[in-house]
Amino acid sequence: MEKATFAGGCFWCMVKPFDSYDGIEEVVSGYTGGHVPNPTYEQVCSNATGHYEAVQITFDPAVFSYDRLLEIFWLNIDPTDDNGQFFDRGSSYQTAIFYHTEEQKEKAIASKDALDASGKFNVKIAVKILPAAEFYPAEDYHQDYYKKNPGHYNRYFTGSGRAAFVERMKEGL
């Protein structure tokens, strides 16, 4: 098993896209990249901890490839937004790929470069590619939020503009 860590804005919206595939053992909402140990949601949302809201995925690369994880990541974020995602603004909602190995780093860079060169966007891709740091699981009520609170999750996913953007991404913009 390997780990993959992605920051794509609100972690509630980043669990579901990865959560239902063979070869993906677990998707955990949490915080990473900052300087405060064991941060709380309130601390991270203050944008003073340096942490990103992120998901950490445990996967079997023999069944589900890292390349496929990257494809899903790119389809579920606005890669040009350098100050958050959709309704969520600030450093804790910025996008990043946190690599755990040199191979992940190389694949992340190659996928970002390919998206940049594709011409789908008329501005540079803003997603950072950073070394994996300590990952702190978020509070229990944040885990599997889309399953525990489907009504609120669906209103948020749609109302934030993310649902429409994801649909356009899947259609090739």
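Structure first, text after, so check above.
For the coordinates displayed, the defined rule picks out 14 aromatic pairs. Ring geometry for phenylalanine 11 versus tyrosine 31: centroids 5.7 Å apart, planes at 50°, classification tilted. Placement of phenylalanine 11 in the loop between strand 1 (2-8) and helix 1 (12-15) and of tyrosine 31 in strand 2 (residues 24-32) is noted, with a sequence separation of 20 residues between them. Classification of tyrosine 31 as buried rests on a relative accessible area of 0%. Relative to phenylalanine 157, the ring of tyrosine 153 lies with its centre 5.7 Å away and its plane at 15°, an arrangement referred to as stacked. Of this pair, tyrosine 153 and phenylalanine 157 both sit in helix 6 (residues 150-159), 4 residues apart, which is roughly one turn of that helix. Summarising the burial analysis for this pair, tyrosine 153 and phenylalanine 157 share the class buried. Within the aromatic cluster, the residues linked to one another by ring pairs are Phe6, Phe18, Phe59, Tyr66, Phe73 and Trp74.

About the cut-offs
- Residues numbered from 1 in each chain as written.
- Predicted model: local features only at pLDDT ≥ 70, side-chain atom pairs only at ≥ 80, totals over all residues.
- Heavy atoms only, no water.
- Phe/Tyr/Trp six-rings, centres within 6.5 Å; stacked < 30°, edge-to-face > 60°.
- Helix = DSSP H or I, 4+ residues; strand = E, 2+ residues; numbered from the N terminus.
- Buried < 20%, exposed > 50% of the residue type's maximum accessible area, 1.4 Å probe, protein only.

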